[in-house]
Amino acid sequence: VQLQASGGGLVQPGDSLRPSCAASKRTFGNSDMGWFRQAPGKEREIVSAINWSGTKAYYTNSVRGRFTISRDNAKSTVILQMNSLKPEDTAVYYCAAKLGTNLIPVINGARYDYWGQGTLVTVSS
């Protein structure tokens, strides 16, 4: 599975971004998809994840209510709608795929099988 993330950028606090991740079609429909981020000097953390069918999603506490994850299995794409961005959201955002048809999406990054190259999100005034 090849993953290509895009849609990062430089925005001001309160703005929105909509990074997306395109995957090769072969196994996208049978994979959990996750968004992770890593800020300078910090460890990688889970941001959000969605199960293979799009019926269950997870959000870390700091983004719940501001971010929305969605997927289009026909287009092999997962999107992270990020609203009300804060400076602390600044990080490189990575999409990842975990093979399997889980009811509850996996949130442990060590269990993910494939990773994209990352897209930089900078929130600054």
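Throughout what follows, the structure given in this document is the object of discussion. Numbering of residues begins from 1 in every chain and follows the order in which that chain's sequence is written. Where totals are concerned, whole chains, interfaces and linings use all residues; where local detail is concerned, this predicted model gives features only for residues with pLDDT of at least 70, and gives and counts side-chain atom pairs only at 80 or more. As a rule here, side-chain values come from all non-hydrogen atoms in the structure, and water together with hydrogens is ignored.

## Some thoughts on unusual backbone geometry
Stated precisely, the cut-off is as follows: Starting at the N terminus, helices and strands are each numbered in turn, a helix being any DSSP run of H or I of at least four residues and a strand any DSSP run of E of at least two. Accessible area is worked out with a 1.4 Å probe on protein chains only. A residue is then buried under 20% of its type maximum, exposed over 50%, and partly exposed in between.
Of note in the backbone geometry, Ser 76 takes a positive phi value of approximately 55° without being a glycine. With respect to the helices, strands and loops of the structure, Ser 76 is situated in the loop between strand 7 (67-72) and strand 8 (77-82). Judged by its relative accessible area of 2%, Ser 76 falls in the buried class. Phi at Ser 84 takes a positive value of approximately 50°, unusual for a residue other than glycine. In this structure, Ser 84 sits in the loop between strand 8 and strand 9 (91-99).

## Digging into the pattern of salt bridges
Heads up, the condition is: In the sections that follow, a salt bridge refers to a side-chain nitrogen of Lys or Arg positioned within 4 Å of a carboxyl oxygen of Asp or Glu.
Taken as a whole and assessed by the stated rule, the structure comprises 3 salt bridges. Notably, a salt bridge pairs Asp 89 with Arg 66, separated by 2.8 Å at the nearest N-O pair. Taken as a pair, Asp 89 in the loop between strand 8 and strand 9 and Arg 66 in the loop between strand 6 (57-59) and strand 7 lie far apart in primary sequence, 23 residues in all. Across the pair, Arg 66 and Asp 89 agree in class, each one buried.

## Regarding the packing of aromatic side chains
Rules: Stacked, edge-to-face and tilted are the three classes for Phe, Tyr and Trp ring pairs, Trp counted by its six-membered ring, which pair at centre distances within 6.5 Å; planes under 30 degrees apart are stacked, over 60 edge-to-face, the rest tilted. Only when the NZ of Lys or the CZ of Arg is both within 6 Å of the ring centre and within 35 degrees of the ring normal is a charge said to sit over the ring.
This model, assessed by the stated rule, comprises 3 aromatic pairs. A ring pair is formed by Tyr 112 and Trp 115, whose centres lie 6.3 Å apart and whose planes are at 55°; its orientation type is tilted. Grouped by ring-pair contacts, the aromatic residues Phe 36, Tyr 112 and Trp 115 constitute a single cluster. In this structure, Arg 44 is placed above the aromatic ring of Phe 36, and the distance from its NZ or CZ to the ring centre is 5.7 Å. For Arg 71, the ring lying beneath its charged end belongs to Phe 28, and the centroid distance is 4.4 Å.

## Observations regarding the side chain of Thr 119
For clarity, the cut-off: Two residues qualify as a contact provided that any one of their heavy atoms is within 4.5 Å of a heavy atom in the partner residue.
Here Thr 119 is to be found in strand 11 (residues 119-123). Setting aside its immediate chain neighbours within four residues, Thr 119 contacts Ala 5, Ser 6, Gly 7, Gly 8, Pro 19, Ala 91, Val 92 and Tyr 93.

## Overview of the nonpolar core
Note the following rule: Nine residue types can take part in a nonpolar core, namely buried Ala, Val, Leu, Ile, Met, Phe, Trp, Tyr and Cys, and a core is a set of them joined through side-chain atoms within 4.5 Å.
Counting residues in hydrophobic clusters, the biggest one holds 26 residues, and the most contacted among them are Met 33, Trp 35, Phe 67, Val 78, Leu 80, Met 82 and Tyr 93. Taken together, the elements giving at least two residues each to this core come down to strand 1 (3-6), strand 3 (20-23), strand 4 (31-38), strand 5 (45-50), strand 7, strand 8, strand 9 and strand 11. The element best represented in this core is strand 9, accounting for 4 residues. When near neighbours in sequence (up to four residues on either side) are disregarded, Phe 67 contacts Arg 37, Val 47, Tyr 59, Leu 80, Gln 81, Met 82, Asn 83, Leu 85, Asp 89 and Tyr 93. Counting residues in each nonpolar core, the second largest holds 6 residues, with Ile 46, Ala 96, Val 106 and Tyr 112 among its members.

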